[in-house]
Amino acid sequence: MTIARVDLPQRGPAARKTHGGGGRNDSAPLRRRQRRRSRLTALAFVAPLIAYLVAFYLYPLYRNLDLSLRDYTVRSFVAGDAPFSGWDNFRAVLDDPEFGPALRHTMTFTFVSIAFQYVAGLALAVFFNRHFRLAPTLRALFLVPWLLPLIVSASTWSWMFNSESGVVNYALQLVGVGQVGWLTSPDWALASVIIANIWIGIPFNLVILHSGLQNIPTELYEAAALDGASAWQQFRRITFPLLRPVSAITLLLGLVYTLKVFDLIWIMTKGGPGDASSTLATWSYQLGFGTLLPKFGPGSAVGNILILIALVFGLLYIRVQRRQEA
């Protein structure tokens, strides 16, 4: 009996190369097209954000820097042929006698506001972290100052601090205190805008810090209570340390926002009387738009100094945050 010999297909490297190589060559262009399509899709999603940042952040910053480095007048501002002046505008601003008071008022306004906003917001956040029936309603009511348009809040505080018909002076008279020139006295003007700004900023601190408290495990408080820790010890050993990351971002955002507050001060005092409540923000506006002969260059230089101060504090925050994470 004869058995027919059947040649089996080759299994060597050459055969594998012949059968598998074509599939790999065909799939490589497909994978490249898929990666290209993914990159284009990602770019399409990011493009609106990039356009927004360029139009409303990068370009205004560039224009502000250009204004501060040129000698602009009304005619050259329209014609666009202002000569380059280098750092002359910055030197003029730093040598101006109004720079010192404006910087001092800006720092006082910022740090006093942030300190009271944070302390009050933290106290309210801890209070509302307790579960009782009216907590959601009361917490919502505390958000009203944050939700009101700033012009409404500033106008309301201007009426309340009015020397003759304000409700604050009326209340003081009921307890035997004489009238106080809240908005007209150089001794009280800055304090008045600080009080109004504290009232407006407390809800922001309350919301952020309260959300941070929600992330602290309740088991830690239960264990501390079993060990006999008092409420103050629980706050000092558990709440405050675990709130540090949230507190840091809250203080940074409050700092950046408070440094550039303009509308509240302008509506209430316009930086006066004299320069008693002027800040870098109001002074920048007065230089650029507050006179018949605007000084666009010095006004932009003051604005850039304000941006630089905010940038320095932002970089300090990032450095501290990295050290804490390390």
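This is a predicted model, so every value here is computed, not measured.

Colleague: What exactly am I supposed to notice about the environment of Gly-181 here?
Modeller: Summarising the element assignment, Gly-181 is placed in the loop between helix 8 (167-174) and helix 9 (189-214). For Gly-181 and Ser-163, which are 18 residues apart along the polypeptide, the C-alpha to C-alpha distance reads 5.3 Å. When neighbours within four sequence positions are excluded, Gly-181 is seen to be in contact with Ser-163 and Trp-188.

Colleague: It is not clear to me how the packing of helix 9 against helix 12 (residues 244-259) should be interpreted in this structure. Could you clarify?
Modeller: Helix-helix packing is characterised by the crossing angle of the two axes and by the distance between the axes. As a packed pair, helix 9 and helix 12 sit with axes 10 Å apart at the nearest point and diverge in direction by 155 degrees. Looking at the two axes, helix 9 sits roughly antiparallel to helix 12. Of the two elements, helix 9 crosses helix 12, and the hand of that crossing is right-handed. Between helix 9 and helix 12, the contacting residues are Asn-197, Phe-204, Asn-205, Ile-208, Leu-209 and Gly-212 on the first element and Val-246, Ser-247, Thr-250, Leu-253 and Thr-258 on the second. By residue class, the composition of the contact of helix 9 with helix 12 is five nonpolar, six polar and no charged.

Colleague: Honestly, the packing of aromatic side chains in this entry has me stumped. Any pointers?
Modeller: Aromatic ring pairs are reported here in terms of the distance separating the ring centres and the angle at which the planes meet. Under the counting rule described, the total for this entry stands at 20 aromatic pairs. Ring geometry for Phe-161 and Trp-182: centres 5.0 Å apart, planes at 35 degrees, overall tilted. Here Phe-161 is found in the loop between helix 7 (150-160) and helix 8, whereas its partner Trp-182 is found in the loop between helix 8 and helix 9, with 21 residues between them in sequence. Like Trp-182, Phe-161 is buried. Note on Phe-289 and Phe-296: the rings are 6.3 Å apart at their centroids and 75 degrees apart in plane angle, and the pair reads as edge-to-face. Overall, Phe-289 belongs to the exposed group, its relative accessible area being 58%.

Colleague: Looking at this structure, how should I read helix 3 (residues 88-95)?
Modeller: Note that an α-helix has 3.6 residues per turn; residues three or four places apart therefore point the same way. Among all positions of helix 3, only Asn-89, Phe-90 and Val-93 are buried. Burial along helix 3 is one-sided: seen end-on, the buried residues are contained in an arc of 100 degrees.

Colleague: Just checking my understanding: could you explain a positive patch on the surface for this structure?
Modeller: Among the surface-exposed residues, Arg-31, Arg-32, Arg-33, Arg-35, Arg-36, Arg-37 and Arg-39 lie close enough to one another that they form a single positively charged patch. Counting through the fold element by element, Arg-37 comes out in helix 1 (residues 13-68).

Colleague: For this particular structure, what's the right way to read the nonpolar core?
Modeller: Soluble globular proteins: nonpolar side chains tend toward being buried together. Counting residues in each nonpolar core, the largest one holds 33 residues, and the members touching the most others are Phe-109, Leu-122, Phe-161, Val-193, Ile-216, Leu-264 and Met-268. If you list the elements that add at least two residues to this core, you get helix 4 (99-128), helix 7, helix 9, helix 10 (218-226), helix 11 (231-242) and helix 13 (263-268). Looking at this core, the element that brings in the most residues is helix 9, giving 10 residues. Not counting residues up to four positions away in its chain, the partners in contact with Met-268 are Ala-154, Trp-157, Ser-158, Phe-161, Leu-183, Ser-192, Val-193 and Ala-196.

Here is what the cut-offs are and how they apply
- Residues numbered from 1 in each chain as written.
- Predicted model: local features only at pLDDT ≥ 70, side-chain atom pairs only at ≥ 80, totals over all residues.
- Heavy atoms only, no water.
- Helix = DSSP H or I, 4+ residues; strand = E, 2+ residues; numbered from the N terminus.
- Contact = heavy atoms within 4.5 Å.
- Axes fitted to C-alpha atoms, helices over the stretch in contact; angles between N-to-C directions.
- Parallel < 35°, antiparallel > 145°, perpendicular 65-115°, else oblique.
- Left-handed = near helix turned anticlockwise from the far one by under 90°.
- Nonpolar A, V, L, I, M, F, W, Y, C, P; charged D, E, K, R; others polar.
- Phe/Tyr/Trp six-rings, centres within 6.5 Å; stacked < 30°, edge-to-face > 60°.
- Buried < 20%, exposed > 50% of the residue type's maximum accessible area, 1.4 Å probe, protein only.
- Arc of directions from axis to C-beta.
- Patch = residues over 30% accessible without salt bridge, like charges linked within 9 Å, V, L, I, M, F, W, Y side chains within 5 Å.
- Areas by Shrake-Rupley, 256 points an atom, 1.4 Å probe, with all protein chains shown as cover.
- Salt bridge = Lys/Arg side-chain N within 4 Å of Asp/Glu carboxyl O.
- Lys, Arg positive; Asp, Glu negative; His and termini not counted.
- Charge placed at Lys NZ, Arg CZ, Asp CG, Glu CD.
- Core = buried A, V, L, I, M, F, W, Y, C linked by side-chain atoms within 4.5 Å.

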